[in-house]
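This is what each chain is made of:
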Amino acid sequence: MTIKLCPIHKRNLVPIKTEFGIRYCCPMYGCTIACWSGKTSTPADYETRQERIKAHDLFDIIWKSGKLKRTTAYRMLAMYLDTKSEDTHIGMFDKETAIKTQEYAKDLIQNQFPDIRKKVER
Ligand SMILES: [Zn+2]
């Protein structure tokens, strides 16, 4: 298992069982750094995690609609962000990249798949 560290406090994150799986949190009081178990989630603060959630919500609409295969959607995102496909996991993105992903997903929906736009504007 890889040890996950708080990037601010350099402390080992502490695993906590939740209904969604194991969540790793910084033990320092008031620190919002956390991440999920698994290789595709890196520790991030509250703001970054909120942007990742928004990015996932928007991006997942595209492949869940069946307009694109999940792998195709991620390949396109990797090209847009100029990242390697093995590094293209929203759970690894910093805040700026997560925001870029939201913009890309919105743009794609507006311009390529206007019929799923309704779901986004709800
Ligand atoms: Zn911390």
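Residues numbered from 1 in each chain as written. Predicted model: local features only at pLDDT ≥ 70, side-chain atom pairs only at ≥ 80, totals over all residues.

1. Considerations on the overall build of the protein chain
Our working definition: Counting from the N terminus, the helices are DSSP H or I runs at least four residues long and the strands are E runs at least two residues long. Counting other C-beta atoms within 10 Å of each residue's C-beta, where C-beta atoms are placed from the backbone, gives the exposure class: buried for 20 or more, exposed for 12 or fewer, partly exposed between. Residues are scored as being in contact if the C-beta atoms we place from backbone atoms lie within 7 Å.
Within the protein chain, the secondary structure is distributed over 4 helices and 3 strands. If you list the helices and strands of the protein chain from N to C, you get β-β-β-α-α-α-α. When the backbone C-alpha atoms are referred to their principal axes, the protein chain occupies close to 45 × 30 × 25 Å. The 122 residues of the protein chain split such that 24% are buried. Contacts in the protein chain between residues at least 24 apart in sequence constitute 44% of all its contacts with a sequence separation of at least 6.

2. A word on the domain arrangement of the protein chain
Formally: The domain boundaries here were taken from an automatic or database domain assignment.
For the protein chain, the assigned domains are domain 1 (1-43) and domain 2 (46-121). The gap between the C-alpha centroids of domain 1 and domain 2 is 24 Å.

3. Section: the nonpolar core
The criterion, for reference: We define a nonpolar core as a collection of buried residues of the types Ala, Val, Leu, Ile, Met, Phe, Trp, Tyr and Cys that are connected via C-beta atoms lying within 7 Å of each other.
Core analysis: the biggest nonpolar cluster contains 12 residues, these being Ala55, Phe59, Ile61, Ile62, Ala73, Leu77, Ile90, Phe93, Ala98, Ala105, Leu108 and Ile109. Mapped onto this core, the elements with two or more residues apiece are α1 (46-64), α2 (70-81) and α3 (95-111). With near-sequence residues (within four places) excluded, Leu77 lies in contact with Phe59, Thr88, Thr101 and Tyr104. Core analysis: the second largest hydrophobic core is formed by 8 residues, Cys6, Cys26, Ile33 and Ala44 among them.

4. Things to note about unusual backbone geometry
Even without being a glycine, Lys10 presents a positive backbone phi close to 55°. In this fold, Lys10 is placed in the segment before β1 (14-18). C-beta crowding within 10 Å serves as the criterion here: with 8 such atoms nearby, Lys10 is assigned to the exposed category. In this structure, Asp82 is a non-glycine residue whose phi angle is positive, near 60°. When you line up the elements, Asp82 lands in the loop between α2 and α3.

5. Regarding the environment of Tyr74
Along the chain, Tyr74 turns up in helix α2. On the neighbour-count criterion, Tyr74 (17 C-beta atoms within 10 Å) is partly exposed. Expressed as a C-alpha distance, the spacing of Tyr74 and His89, which sit 15 residues apart in the sequence, is 8.4 Å. Excluding residues within four positions of it along the chain, Tyr74 makes contact with Ser85 and Thr88.

6. Examining the sheet that holds β1
We apply this condition: Strand pairing is assigned whenever DSSP detects at least two bridges linking the two strands. Under this scheme, a helix contributes an axis fitted over its contacting stretch, all axes are lines through C-alpha atoms, and angles between N-to-C directions fall in the 0 to 180 degree range.
Pairing is antiparallel across the open sheet formed by 3 strands, whose spatial order is β1-β2-β3. Each end of this open sheet is capped by a strand with a single partner; those strands are β1 and β3 (34-36). Within the sheet, the average angular offset between the axes of one strand and its neighbour, ignoring direction, is 30°. Strand direction decides the pairing type here: β1 and strand β2 (residues 21-25), joined by 5 bridges, are antiparallel. Bridging from a neighbouring strand, Val14 pairs with Cys25 of β2.

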